[in-house]
Amino acid sequence: MSRNAESTAFRSALEVIRAVEPRVADAIGAELADQRESLKLIASENYASPATLLTMGNWFSDKYAEGTVGRRFYAGCQNVDTVEALAAEHARELFGATHAYVQPHSGIDANLVAFWAILADRVESPALRKAQARHVNDLTEADWFALRRELGDQRMLGMSLDAGGHLTHGFRPNISGKMFDQRSYGTDPSTGLIDYDRVAEAAREFRPLILVAGYSAYPRKVNFRIMREIADSVGATFMVDMAHFAGLVAGKVFTGDFDPVPHAHIVTTTTHKSLRGPRGGMVLCGPELADQVDRGCPMVLGGPLPHVMAAKAVALAEARRPDFADYAQRIVDNAQALADGLLRRGATLVTGGTDNHLVLIDVSGYGLTGRQAEQALLDSGIVTNRNAVPQDPNGAWYTSGIRIGTPALTTRGLGATEMDATAELIHTVLSQTTAGTGPDGAASKAKYVLDPAVAEQVGKQAADLLAPFPLYPTVDLA
Ligand code: DSN
């Protein structure tokens, strides 16, 4: 694509926006500048292509399209049908799935669709049938009580949050923790790895309706064949949330036992992480669950977002190209180079390394909490996020970990040499930061001390590292 076409498209869009609310146009421009300048290591973020971004800014946003392709509750959905069918077709082909539902607005939404589909498939509940048959506004309080009574003690077994699991896998701050009686499996304290025998034991004791695999902070592959065998041994439905590593599945880096699609009854994902599409979610399943999954809207979703489904179609078409497999492999190569660089400099990594897109540093070895480390890195131009480590003594707010991931920097073109330089910058900041004290002189989990000259120097080195790899090189807003 020529520099001209993309620059013209974005410049023209900003000109049109500026005429209405210049502060929004300015913020959009500032966001691009900020993203261009920062060393973005947030494992769940990426940079979507200009084509994907442009697909979201148009009149598809104006259309209501509740229902499914060819069966809508609104007239005039023929063009929405075209893009939704295309997105689903690309998703099926890319992942080798029988059915794809591309309406979920986010990963949480995709998981809710999956939970309700599984409940509807597995639980004999008159209240659930009634809830599905009516609009949500037509349900009385008594209907909701009946629903809770009939579904309330269903069980879910998922990975614990501190071992790297996700909030939506049955934890209290999320609705999944209120819908299900939840128990979690952790990791082996000595290796940090999933112990499949322990998962099987927990499944035998707990007899869950749903066994969930998937993570947002586990730096290793999961053997989905073994997990499916465990689910089958207790009659559980096996669900995989592949939001973080969907790009590695799409790029055929995770194959065989490590590809969830042939092993799980149902797979959910987001589309904006390693898959590099627009913000959104998606559900893949076999024919047994397809009808229930397609009831996602209006059961748990608002009307579909046709502009985002169109962008999903574009991004999934991109992911089907041969160069996406190369990209996916480079994500993992870069994560391993980053992990090696950190280990050589003395950092402690959960599980001792990585075989996916993310690395989890246990920053207690530097005498810091995750919160202190996150802020000190941010002061130095390095964007990460704090994350709990297994059995974290500092809990989920302060944490003892820093999660870093390579999908975004890999999109920018950085490689192994730059990952080693990045490891040096991270190690410099963490080893030169010390824990601070509160006003009363007591040890603080949030305050820290870092010489501003060090932060400035690292920030400059980070900018130099990024300079040969311009972000959106075809887009010039000047
Ligand atoms: N917020 C995403 C992440 O950072 O992993 C998952 O929901």
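Up top is the structure.
Conventions adopted
Residues numbered from 1 in each chain as written. Predicted model: local features only at pLDDT ≥ 70, side-chain atom pairs only at ≥ 80, totals over all residues. Heavy atoms only, no water. Near = heavy atom within 4 Å. Polar contact = N/O pair within 3.5 Å; in protein donor to acceptor, adjacent residues only side chain to side chain. Areas by Shrake-Rupley, 256 points an atom, 1.4 Å probe, with all protein chains shown as cover. Nonpolar A, V, L, I, M, F, W, Y, C, P; charged D, E, K, R; others polar. Pairing = 2+ DSSP bridges. Helix = DSSP H or I, 4+ residues; strand = E, 2+ residues; numbered from the N terminus. Axes fitted to C-alpha atoms, helices over the stretch in contact; angles between N-to-C directions. Contact = heavy atoms within 4.5 Å. Salt bridge = Lys/Arg side-chain N within 4 Å of Asp/Glu carboxyl O.

Colleague: Just to check I follow, could you spell out the site of the ligand for this structure?
Modeller: The local shell around the ligand consists of Ser 44, His 166, Ser 216, His 244, Lys 273 and Arg 403. With respect to the ligand, the side chain of Ser 44 contributes an N or O atom lying 2.7 Å from an oxygen atom. Between the ligand and His 166 there is a distance of 2.7 Å, counted from an oxygen atom to a side-chain nitrogen or oxygen. Its free accessible area being 230 Å², the ligand has 61% of it covered by the protein chains. Here the residues of the shell around the ligand are counted per class, giving no nonpolar, four polar and two charged.

Colleague: Hey, could you run me through the sheet that holds strand β7 (residues 210–214) in this one?
Modeller: Note: strands within a sheet are paired through backbone hydrogen bonds, in either parallel or antiparallel orientation. If you trace the seven strands from one edge of the open sheet to the other, you get β4-β10-β9-β8-β7-β5-β6, paired in mixed fashion. The open sheet has two edge strands with one neighbour each: β4 (99–101) and β6 (181–185). For this sheet, the mean inter-axis angle between neighbouring strands, taken without regard to orientation, is 20 degrees. The sheet contact formed by strand β9 (residues 266–270) and strand β10 (residues 281–285) spans five bridges and is antiparallel. Bridging across to β10, Val 267 finds its partner in Leu 284. Its contacts with the sheet put helix α5 (residues 107–122) on β4, β5 (155–159), β7, β8 (237–241), β9 and β10, and the angle it makes with β9 is roughly 165 degrees.

Colleague: Sorry if this is basic, but what is going on with the pattern of salt bridges here?
Modeller: For side chains bearing opposite charge, pairing can occur when the charged atoms are close. The full count for this structure, using the stated rule, is 21 salt bridges. For Asp 26, the salt bridge identified is with Arg 18, shortest N-O distance 3.1 Å. When the shortest N-O distance is used, the salt bridge between Asp 420 and Arg 345 registers 3.1 Å. In this pair, Asp 420 is assigned in helix α19 (residues 416–432) and Arg 345 in the loop between α15 (322–344) and β11 (358–362), connecting sequence segments 75 residues apart. Salt bridges linked by common partners bring Arg 344, Arg 345, Asp 420 and Glu 424 together as one network.

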